[in-house]
Amino acid sequence: MSGGEAPLMERGVLAMDEGDALMLTRVHKKPGFVTVRRHGPRTVNVGKYSSVPDIGAAPIDEPAAWFLGPRAENSEVLTTLTKDVLEHIGAYRRGYLPEDPIIITPEMQATSSYTTAVAEMSTSFKEVLGYFAERATPFFSLRYQAHMTGDNPMPALAGYFLGMLHNPNNVTIQASTTTTLLELLAMRDLCHMVGWSTENDDQAWSHITADGSIANNEAVWTAREVKFLPFAIVKALQKEPSLAGAKDVEVTLTSGTKKRLDQTTNWERFNIRRDEILALPGRMAAKLGKQPYEVWSVVVNYDVNAVGVWGMLDAFEGLGGAPTLFTPSTRHYSWPKAAAVNGFGTERDVTMMVDADGRMSIDELTKGLDTALSKKIPVLLVVAVNGSTEESAIDDLTKILAVREDYRKKGLEFDIHVDAAWGGYFMTVVRKDFGSVVTPADLENPFIEDTRKVPMSDYSIEQFKAVREVDSVTIDPHKSGYIQYTAGSILYRNKEVLNLVTFTGAYIGAATEPTVGMFGLEGSKAGATAASVFFAHRCIRPSERGYGRILTFALQNTRRLYTDLLFLSRPEDSFVCTPLPRIPAERSGASAAEQEKQLAFIKETIWGKTIEEIEANPEALALFRELGPDQNILDYGFNPRVDGKVNTDPEAYNQLMQGVYDAFHIHYDKEGLADNIHNYKLLLSYTIFKRHEYGDAFMDTFAKRLGLEGRPEELYCLRSVIMDPYALNLNSAFTQQLVDILRDKVNELARRTSRSASPSA
């Protein structure tokens, strides 16, 4: 603490022992410690640490070698990798100071008790293996089209196995001399994937989290600290003699005018741009002839982390309420949770309803911002979802960014966070290849220009390109990165935020060390996760040559399944099938005749065709790119026919949907035993759309397309997550078999349901 700081009790916080306070370090002194330089043909230097394996040096360009395969086709490869790890760990332990004594001696291993113990362990483990063989969910199978879990790449499995056996704790480089550096490289890779530079102190930073919920929580935490930092600095300027020479420090308001920070109003302080706020301590340091960390070390004693929200109550004087965050109704449940645990309350998470395509309504957003502006309610964050987990929708980030520019002119400033926990890796489909060391030129235009064969709409591509303009991003390698759990991440465009989320004790190491455990909400975390993400990225680059190819296959398969669903029901069938995503002609508001014409074109040129056949037809290819959901989660409904006419009763529709779901998900008997997994030929999941969560535009549009009357409060929907990382041919006997299984079961159930259903006029 500095000499002029008020006692802890006077600052409105609980008293503590001075020694305890000094045990906690709140600021890191050298944020540029992750600078990476080329060391050799396959190694790099990470800061002062040399000869670290280069994450960009050894990509594998053969997709057939990436996964174990649905039938364990690459079992010999994985066996070899696993054997290499086991031999390595044995040699490593035997080779470390070989003069040390042997503890478990051959004599011990020869005893009957030892032999019995090993036999019992083997027997017990075989029982567990049998349990998994009968009950484990076959995420690897092409028959599994249910939840957001797929097969894991062999490099990820091998990397995790290696890290797990070494057992490093990435809380500190003292306990993770290898995997801390691997995490730094892997997370730099994600920043570069987005298009952010990591070379300068005010540029990007990322670290691994347990999952997207932790990352989203941290995003709200950092946004809170940044929003309140001007208030903390003003208090520090008032109370700290060491800062007296910086009392006239100015800020640039959203209007472009400059004003002394200590002369700004509460409303103006809440509406300063993030980069402007984070630059203040550095500018104060320049005035004082100090290092930036010296100023940060003083001002963080006055931030919300130090004094609590109750210590900042004077910041709300003259305002209409506490800060809010705006999230779409498709947002993950972690967002209201984050609002709660960060002291704002769930009611400050203001929900924006979505449009007919499941994307945040921009009209709803502007209405909410108008209310905040008129009542002088600060806006903490606007969250754009890139890949919603139910509808596979991508919010219109380009419009949200434009909206922020408009409201800046009105004096309202807010951060923008992209929740791309699910969809982030889909950026690789259009991301140019890059190495571990990037230059400004590499990042000037990081995306491919020729997107004619990319199975993603132009709209979706534009949203990915815009991600680099936001303040923070959530991306989970354990979702569309296919890496095993737990591997989430949080990315910041401006790494100066680390000064607001740094907490480290003396045992973790000096604040100048590259220790990732001092940042964020977590402490101890598995170095195995870092090794897994690192080795997966080393073999399968997060660009068009690696993950871009995996996710291209997934997108192609999603669009081809979409066309299969469009034409699934035949005249003789007892149901009609309606995919949630509208065809482009319907989405654009074209006439019924034009929509029928487009459907006929899809049926003739796309449905049942191979990718090669589609790509050979430019018009078909252009339409193929626009079909289906924004990403690879496909929702669809089955409505029964009654006397040849489509049912109009929402209750009968939901009854059929419940029956279809029951037929394609695992059941448990009265004794709590799961059905044998081998009894299921196809596995699906479902969701329930609720009017109070989605709004009228979404619900009424889908209900009408299903043929239902009235305004149903709930609509059940089947949900297939298409993660198959293989190029499939829908004409094949196997894929046709899966389609027939689905059609036959729906027909059977629809005939039962139709007895109580109401036909359309």
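One can find the structure itself at the top, above this paragraph.
The text that follows walks through the structure, step by step, so that each part is easy to find. In this text the structure is predicted, and so the values were computed from the model without any measurement.

Our focus in this paragraph is the overall build of the protein. Of the regular secondary structure elements, the protein holds 26 helices and 20 strands. Over its C-alpha atoms the protein spans a radius of gyration of 28 Å, differing by no more than 12% from the 27 Å that the globule rule assigns to 761 residues. Projected onto the principal axes, the alpha-carbon positions of the protein cover approximately 85 × 80 × 55 Å. Summed over its atoms, the accessible surface of the protein is roughly 31,600 Å², and 53% of this surface lies on carbon and sulfur atoms. Between the averaged position of the 80 positive side-chain charges in the protein and that of its 99 negative side-chain charges there is a distance of 2 Å.

Enumeration over the complete set of coordinates arrives at 8 cavities of 30 Å³ or more. Volume-wise, the second largest cavity comes out at about 100 Å³. Along the wall of the second largest cavity there are 14 residues; nearest its centre are Asp357, Glu391, Pro581, Arg587 and Pro629. Along the lines of polarity and charge, the residues of the lining of the second largest cavity split into 6 nonpolar, 2 polar and 6 charged. Composition of the lining of the second largest cavity by domain shows at least three residues from each of domain 1 (187-221 + 324-539) and domain 3 (547-581 + 628-757).

The subject of this paragraph is the sheet that holds strand 3 (residues 43-46). Note: strands within a sheet are paired through backbone hydrogen bonds, in either parallel or antiparallel orientation. Sheet architecture is open: 3 strands sit in the order 2-3-4, paired in antiparallel fashion. What marks the edges here is a single partner per strand, and that holds for strand 2 (36-38) and strand 4 (49-53). In this sheet, neighbouring strand axes are inclined to one another by 35° on average, regardless of whether the strands run parallel or antiparallel. In the sheet, strand 3 pairs with strand 4 via 3 bridges, with the strands oriented antiparallel. Following the sheet pairing, Val44 is matched in strand 4 by Val52. Of the strands in this sheet, strand 2, strand 3 and strand 4 touch helix 6 (residues 179-194), which is tilted by about 65° from strand 4.

The next subject is the packing of helix 13 (residues 362-375) against helix 14 (residues 397-409). Following both chains from N to C, one finds helix 13 and helix 14 inclined at 25°, their axes separated by 11 Å at the closest point. Regarding the angle of helix 13 to helix 14, the classification is roughly parallel. As for how helix 13 packs across helix 14, the hand of that crossing is right-handed. Here Ile362, Leu365, Thr366, Leu369, Asp370 and Leu373 of helix 13 come into contact with helix 14, specifically with Lys399, Ile400, Val403 and Tyr407. In the contact of helix 13 with helix 14, the residues fall into 7 nonpolar, 1 polar and 2 charged.

Time to look at a nonpolar patch on the surface. On the surface, Ile103, Ile104, Met108, Tyr114, Val118 and Met121 cluster together to form a nonpolar patch covering roughly 600 Å² of accessible area. Position of Met121 relative to the elements: it lies in helix 4 (residues 112-135). The exposed category is assigned to Met121, whose relative accessible area is 57%.

Moving on: the side chain of Asp630. Position of Asp630 among the secondary structure elements: in the loop between helix 22 (618-626) and strand 17 (633-642). Overall, Asp630 belongs to the buried group, its relative accessible area being 5%. Residues within four places of Asp630 in sequence aside, it is in contact with Arg359, Ser392, Ala393, Ile394, Tyr459, Ser460 and Arg559.

Glancing now at the pairing of strand 17. Most of strand 17 sits inside the fold, with 10 of its 10 residues counted as buried. Pairing geometry for strand 16 (residues 575-579) and strand 17, over 5 bridges, is antiparallel. Bridged to Val576 within strand 17 is Asn639. As paired elements, strand 17 and strand 20 (residues 714-721) share 4 bridges and run antiparallel to each other. What sits directly across from Ile633, in strand 20, is Val721.

Take the layout of surface pockets next. Computed from the structure, the largest pocket encloses a volume of approximately 1,100 Å³. Around the largest pocket, the lining comprises 38 residues; the ones closest to its centre are Ala136, Thr137, Pro138, Phe139 and Phe140. For the lining of the largest pocket, the leading source of residues is helix 4, giving 5 residues. Classifying every residue of the lining of the largest pocket by side-chain character gives 24 nonpolar, 9 polar and 5 charged. Viewed by domain, the lining of the largest pocket spans two of them, domain 1 (187-221 + 324-539) and domain 3 (547-581 + 628-757), each represented by three or more residues.

Right, let's talk about the nonpolar core for a bit. Inside soluble globular proteins, nonpolar side chains tend to come together where they are buried. Core analysis: the largest hydrophobic core is formed by 144 residues, its most contacted members being Phe228, Leu365, Leu369, Leu397 and Val473. What Val473 contacts, discounting residues up to four positions off in sequence, is Trp196, His417, Val418, Ala420, Val467, Ser489, Ile490 and Leu491. Listed in part, the 48 residues of the second largest apolar core include Leu656, Tyr694, Leu708 and Leu718.

In this section: the side chain of His207. Note that His207 resides in strand 6 (residues 205-209). Relative accessible area serves as the criterion here: at 1%, His207 is assigned to the buried category. The contact partners of His207, leaving out residues within four places of it in the chain, are Glu183, Met187, Glu218, Gly488, Ser489, Ile490, Phe519, Gly520 and Lys525.

Looking now at the sheet that holds strand 14 (residues 488-492). As summarised here, the arrangement of the 7 strands in space is 6-14-13-12-11-9-10, forming an open sheet in which the pairing is mixed. Looking at which strands have only one partner, the edges of the open sheet turn out to be strand 6 and strand 10 (349-352). Averaged over neighbouring strand pairs, the angle between their axes works out to 20° when direction is ignored. Of the strand pairs in this sheet, strand 9 (residues 324-328) and strand 10 are connected by 4 bridges, and their pairing is parallel. Considered in strand 10, the bridge of Leu325 is made with Asp349.

For the rest of this paragraph, the subject is the packing of aromatic side chains. One pass over the full model with this rule turns up 21 aromatic pairs. Where Phe228 meets Phe316, the ring centres are 6.0 Å apart and the plane angle is 85°; that geometry is what we call edge-to-face. Residue Phe228 is located in helix 7 (residues 212-239), and its partner Phe316 is located in the loop between helix 11 (304-307) and strand 9; the two are separated by 88 residues in the primary sequence. In this pair, the class of Phe228 matches that of Phe316, namely buried. Here Phe689 and Tyr694 contribute two aromatic rings whose centre-to-centre distance is 5.0 Å and whose plane-to-plane angle is 70°, an arrangement assigned as edge-to-face.

Cut-offs applied
Residues numbered from 1 in each chain as written. Predicted model: local features only at pLDDT ≥ 70, side-chain atom pairs only at ≥ 80, totals over all residues. Heavy atoms only, no water. Helix = DSSP H or I, 4+ residues; strand = E, 2+ residues; numbered from the N terminus. Rg over C-alpha atoms; globule rule 2.2 N^0.38 Å. Areas by Shrake-Rupley, 256 points an atom, 1.4 Å probe, with all protein chains shown as cover. Lys, Arg positive; Asp, Glu negative; His and termini not counted. Charge placed at Lys NZ, Arg CZ, Asp CG, Glu CD. 1 Å grid on protein atoms, 1.4 Å probe; cavity = no way out; pocket = protein on both sides within 12 Å on 5 of 7 lines; lining within 4 Å. Points joined across faces, edges and corners; volume = space filled by probe spheres on them. Nonpolar A, V, L, I, M, F, W, Y, C, P; charged D, E, K, R; others polar. Domains from an automatic or database assignment. Pairing = 2+ DSSP bridges. Axes fitted to C-alpha atoms, helices over the stretch in contact; angles between N-to-C directions. Contact = heavy atoms within 4.5 Å. Parallel < 35°, antiparallel > 145°, perpendicular 65-115°, else oblique. Left-handed = near helix turned anticlockwise from the far one by under 90°. Patch = residues over 30% accessible without salt bridge, like charges linked within 9 Å, V, L, I, M, F, W, Y side chains within 5 Å. Salt bridge = Lys/Arg side-chain N within 4 Å of Asp/Glu carboxyl O. Buried < 20%, exposed > 50% of the residue type's maximum accessible area, 1.4 Å probe, protein only. Core = buried A, V, L, I, M, F, W, Y, C linked by side-chain atoms within 4.5 Å. Phe/Tyr/Trp six-rings, centres within 6.5 Å; stacked < 30°, edge-to-face > 60°.

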